[in-house]
Amino acid sequence: RPRVLSGIQPTAGSFHLGNYLGAVRQWVALQETHDAFYMVVDLHAITVPQDPAALRANTRLAVAQLLAAGLDPDRCTLFVQSHVPEHAQLGWVMNCLTGFGEASRMTQFKDKSSKQGSDRTTVGLFTYPVLQVADILLYQANQVPVGEDQRQHIELTRDLAERFNSRLGETFTLPEPYILKETGKIYDLQDPSVKMSKSASTPKGLVNLLDDPKVTAKKVRSAVTDTDTVIRFDPVDKPGVSNLLSISSTLTGKPVAELEKEYEGKMYGALKTDLAEQMVEFVTPFRSRTQGYLDDPETLDSILAKGAEKARAVAAETLAQAYDRIGFLPAK
Ligand code: AQP
């Protein structure tokens, strides 16, 4: 079976609709066909300040949401990044292989650091993509299911894997991004020119899966569209309507073309009302399943302990091979 690896940050509490449609939904599907490794990336979370108690609670909450979304610990390896020390270890190796200019070209870092200001931007945020490289290479992943915003980081991963392999001998698998065209980028409901994001979206533009379903329905009904009236998929001229069509298509399983036909001659309100209902139908059981997992911390812990053990077995083998190629003296 080909292998997939991906991760999600435990920072925001609730996952948002972009996280789910862009990434987590694919994780659930891929566990059926791939050897799948999925993790909650707490090392990445501390690139910005975290309250310790909140970080701990949010890490559990992230695991509960992944299970609620459909990850099955019998079908995939689910773990917390800091439970596998090889991530930080290979991360250092990859830092030493990355050019400063190369890291400086990462657009996500440029965006985030320009918003934070240089005094509040950590070196960890700067090298975050390099740690992500290590995350992926440790598992020799063939594919990485992520949203469009991560494409550049997968390219960096391929570059560094190639560099290591050509300098020191064939060691790492070169991964491919696994990004779906329809849902690779879900847009802010209030500003469909930017991606939905926990740090940049306004509260009204961001759909949190754990919000009260009534709040979610209201956000969908007040989504920004355009002054035209035709319901047509056209991301350039009608980004708001197109975003709603993409979301609805994924939630209902109906192709966008079929939805366009269904809404022929109808007003935007009809699409929004239907989508609000589809969202409520989706988030209501998601919320209660998440709560169910949170209420059973022993089960969560045992899932994570097994996951870490399985992940470490793979990660330790890759790291040992990399250390050997580098020329580190073996510890006796
Ligand atoms: N709007 C989105 N559309 C599609 N995919 C998205 N992802 C995030 N936003 C969208 C994908 O979700 C996965 C987990 O991402 P993360 O843990 O990096 O989450 P994040 O970066 O914290 O999410 P945000 O909202 O994008 O955070 P900020 O605002 O801090 O940058 C990834 O696969 C990501 O591509």
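What counts and how
Residues numbered from 1 in each chain as written. Predicted model: local features only at pLDDT ≥ 70, side-chain atom pairs only at ≥ 80, totals over all residues. Heavy atoms only, no water. Near = heavy atom within 4 Å. Polar contact = N/O pair within 3.5 Å; in protein donor to acceptor, adjacent residues only side chain to side chain. Helix = DSSP H or I, 4+ residues; strand = E, 2+ residues; numbered from the N terminus. Nonpolar A, V, L, I, M, F, W, Y, C, P; charged D, E, K, R; others polar. UniProt positions renumbered as here; feature names shortened; annotations may be inferred. Buried < 20%, exposed > 50% of the residue type's maximum accessible area, 1.4 Å probe, protein only. Contact = heavy atoms within 4.5 Å. Salt bridge = Lys/Arg side-chain N within 4 Å of Asp/Glu carboxyl O. Pairing = 2+ DSSP bridges. Right-handed = clockwise from strand over helix to strand, strands pointing away. Patch = residues over 30% accessible without salt bridge, like charges linked within 9 Å, V, L, I, M, F, W, Y side chains within 5 Å. Areas by Shrake-Rupley, 256 points an atom, 1.4 Å probe, with all protein chains shown as cover. Expected span 1.5 Å × (residues − 1). Axes fitted to C-alpha atoms, helices over the stretch in contact; angles between N-to-C directions. Parallel < 35°, antiparallel > 145°, perpendicular 65-115°, else oblique. Core = buried A, V, L, I, M, F, W, Y, C linked by side-chain atoms within 4.5 Å.

Caption draft 1: Quick look at the site of the ligand. Inspection of the region around the ligand gives 21 residues, with D149, K195, S197, K198 and S199 positioned closest. I186 is positioned with one of its backbone polar atoms (N or O) 2.9 Å from a nitrogen atom of the ligand. Here the shell around the ligand takes four residues from helix α1 (residues 17-30), the largest share from any one element. Broken down by class, the residue content of the shell around the ligand amounts to five nonpolar, eleven polar and five charged.

Caption draft 2: Spatial organisation of the UniProt feature "binding site: L-tryptophan" (unreviewed entry) in the protein. The sites that UniProt annotates as "binding site: L-tryptophan" (unreviewed entry) are D135. Within the secondary structure layout, D135 lies in helix α7 (residues 123-138). Looking at D135, the relative accessible area reads 2%, which means it is buried. In this structure D135 touches L5, M39, V41, H44, Q81 and H87, once residues within four positions along its chain are discounted. Looking at D135, its side chain comes within polar contact range of the side chain of H87, at 2.8 Å.

Caption draft 3: Quick look at the pattern of salt bridges. In the structure shown here, the tally under the stated rule is 14 salt bridges. R60 is paired through a salt bridge with D301; the nearest N and O atoms lie 3.0 Å apart. Residue R60 is located in helix α3 (residues 52-69), and its partner D301 is located in helix α13 (residues 297-326); the two are separated by 241 residues in the primary sequence. You can call R60 partly exposed: its relative accessible area is 33%. The partner of R312 in a salt bridge is E86, with the nearest N and O atoms 3.2 Å apart. Residue R312 is located in helix α13, and its partner E86 is located in helix α4 (residues 86-95); the two are separated by 226 residues in the primary sequence. Residue class for E86 comes out buried when judged on its relative accessible area of 4%. Overlapping salt bridges, with partners in common, bring together E32, D72 and R75 in one network.

Caption draft 4: Expanded view of the pairing of strand β1 (residues 3-8). Where burial is concerned, most of β1 is hidden: five out of the six residues are buried. Here β1 pairs with strand β2 (residues 35-40) via six bridges, running parallel. Bridging from a neighbouring strand, R3 pairs with D35 of β2. Running through α1, the crossover from β1 to the neighbouring parallel element β2 is right-handed.

Caption draft 5: A nonpolar patch on the surface, seen in detail. Together, L168, I326 and F328 give the surface a local cluster of nonpolar side chains, amounting to about 220 Å² of exposed area. Residue placement: L168 occurs in helix α8 (residues 151-168).

Caption draft 6: Representation of the pairing of strand β3 (residues 76-80). For β3, a buried count of five out of five residues is recorded, marking the element as mostly surrounded by other parts of the structure. Burial of the side chains of β3 extends over both faces: C76, L78 and V80 are buried on one face and T77 and F79 on the other. Inspection of the sheet shows β2 paired to β3 by five bridges, in the parallel sense. By the bridge assignment for β3, A36 is matched with C76.

Caption draft 7: The environment of V4, seen in detail. Along the polypeptide, V4 turns up in strand β1. Taking the relative accessible area as the measure of exposure, V4 reaches 0% and is therefore buried. Along the chain, V4 and T183 lie 179 residues apart, while their C-alpha atoms are 18 Å from each other.

Caption draft 8: Representation of helix α12 (residues 268-294) within the structure. Spanning 27 residues, α12 covers 38 Å between terminal C-alpha atoms, matching the ideal 39 Å at 1.5 Å per step. For α12, the complete set of buried residues consists of Y268, L271, K272, L275, A276, Q278, M279, F282, V283, F286 and T290. Contacts from the buried residues of α12 go to α1, α3, α9 (213-221) and α10 (239-252).

Caption draft 9: Summary view of the packing of α3 against α13. Put simply, α3 and α13 touch, their axes get as near as 11 Å, and they point 85° apart. Considering their axes alone, α3 and α13 lie roughly perpendicular with respect to each other. Across the interface between the two elements, R60, V63, A64 and L67 of α3 pack against P297, L300, D301, I303 and L304 of α13. Its residues assigned to classes, the contact of α3 with α13 comprises seven nonpolar, no polar and two charged.

Caption draft 10: Local environment of α3. If you check α3, its first and last C-alpha atoms are 26 Å apart, about what 18 residues at 1.5 Å a residue would give, namely 26 Å. Positive backbone phi, at 125°, marks G70, one or two positions downstream of α3.

Caption draft 11: The nonpolar core, seen in detail. L17, Y38, V63, L66, L71, L78 and L209 are the most contacted members of the largest nonpolar core, which has 51 residues in total. Other than its neighbours up to four places away in sequence, V63 contacts V40, L78, V80, L300 and L304. The next biggest cluster of nonpolar side chains, apart from the first, holds 38 residues, and it includes V133, L156, F172 and L319.

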